Amino acid sequence: MSSTPQEQALDIRKLLKSVVKYKASDLHLVSRSEPQIRIDGKLTAINLPILTGAMIQEMCYALLTDKQKKIFEEDNELDFAVKIPEVGRFRANYYRTLGDMAAAFRIIPTKIPSLDELNTPPIFKELVKREKGLILVTGPTGSGKSTTLAAMVNEINATMQKHILTVEDPVEFVHINNKSLFSHREVGSDTKSFARALKAALREDPDIILIGEMRDRETIEAALTAAETGHLVFGTLHTKSAAQTINRIIDVFDGDEQAQIRAQLSTGLIASISQALIPQIGGGRVATQEILITSPAVANLIREDKVHQLYSQMQLNQNVTGMTTQNQELVKFLQQRKITKEDAMKFSNAPEELERMIQGM
């Protein structure tokens, strides 16, 4: 670049271009620090001047409409997606830290990957053929949940004639109609809330509903109802394992309601896929996916409030059920020499069990 460091620091488009150039996932702009990008899960500072709140505001306001500026100034927080011509599409969050404006940008791939390109297990292609029920993809922030969901919906778009309604905050992957028809709804601009959009969805004749985040009781309740009334529903939660996912949903409700929710989950839940991204030897990351499928035995454990027994159930007849545990996935990647033992232990939800499995390899 021929511009001076000061000019670079004040040009948000050039900074976002560097995210693409270095194959990073995120860009962070925080006052009292130089800009930083996340590559393979690790933050790296860009060799540019330390930012001030004024510099960040000048850069970041260049991407906003007047309406968005007003929302940010009233709420001190703003979520939105933005497409930069000849650069890419990004999910952005603006916020304040010690009074100064700050921003986090995450790149959204413009090309939606296929399930084959993500090397997902064969069971994924079977799950998307279901006519009704709830499929959850869970994991911590940055674990690739949105990408996995986009690939599953992309499989439907390539093979089936369906009306697919997405409710997101903000809309991330924008699908082009192939065999299916898409209605993308963004919370804030197209609808006031997830819960309101889901209630309205039942009158919009969708076959499939994708919920960007099941973040509160009202949204979870609406998702369960939609799954019960003949829709295939995809959703996400910030949980790390199948058992934690079931417990999180149940715990959102009051004690006297929990038996009914367990009954709804036992009949409505199709699968819970808990995902993590592990650093790969030589660069990049690989996804581990713990898969719980609601078999009659699993449904009975959920209904009878025996969630702690789900893990052992997931280990039975896996060639038939398609279920797998996270530790089994970690051992597979260790055997393939894709990940280090140190990273496997760090990311494992049950490190003591993993240690025993490694010793028996």
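1. Remarks on the environment of Gly 230
Okay, step 1: Topologically, Gly 230 is positioned in the loop between helix H8 (217-228) and strand S11 (232-237).
Okay, step 2: As for Gly 230 and Ile 261, which are separated by 31 residues in sequence, their C-alpha atoms are 17 Å apart.
Okay, step 3: Not counting residues within four places of it along the chain, the set of residues in contact with Gly 230 comprises Glu 131 and Lys 132.

2. So, the pattern of salt bridges
Okay, step 1: Enumeration according to the criterion identifies 20 salt bridges in this entry.
Okay, step 2: Between Glu 131 and Lys 162 there is a salt bridge; the shortest N-O distance is 3.2 Å. Here the residue Glu 131 occupies a position in the loop between helix H5 (123-127) and strand S7 (133-138), and Lys 162 occupies one in the loop between helix H6 (145-159) and strand S8 (163-168), the gap between them amounting to 31 residues.
Okay, step 3: Look at Glu 131 and you get exposed, because its relative accessible area is 53%.
Okay, step 4: Owing to a relative accessible area of 17%, Lys 162 belongs among the buried residues under this scheme.
Okay, step 5: The partner of Asp 254 in a salt bridge is Arg 217, and the shortest N-O contact between them spans 3.9 Å. With Asp 254 in the loop between helix H9 (242-251) and helix H10 (258-268) and Arg 217 in helix H8, the pair connects residues that are 37 residues apart, well separated along the chain.

3. Comments concerning the nonpolar core
Okay, step 1: In terms of nonpolar packing, the biggest core is built from 60 residues, with Leu 127, Met 152, Phe 234 and Ile 246 touching the most fellow members.
Okay, step 2: The element that contributes the greatest number of residues to this core is H8, accounting for 6 residues.
Okay, step 3: Other than its neighbours up to four places away in sequence, Leu 127 contacts Ile 135, Met 152, Ile 270, Ala 271, Ile 273 and Ile 293.
Okay, step 4: Counting residues in each nonpolar core, the second largest holds 30 residues, with Ile 56, Cys 60, Val 87 and Ala 92 among its members.

About the criteria used
Residues numbered from 1 in each chain as written. Predicted model: local features only at pLDDT ≥ 70, side-chain atom pairs only at ≥ 80, totals over all residues. Heavy atoms only, no water. Helix = DSSP H or I, 4+ residues; strand = E, 2+ residues; numbered from the N terminus. Contact = heavy atoms within 4.5 Å. Salt bridge = Lys/Arg side-chain N within 4 Å of Asp/Glu carboxyl O. Buried < 20%, exposed > 50% of the residue type's maximum accessible area, 1.4 Å probe, protein only. Core = buried A, V, L, I, M, F, W, Y, C linked by side-chain atoms within 4.5 Å.

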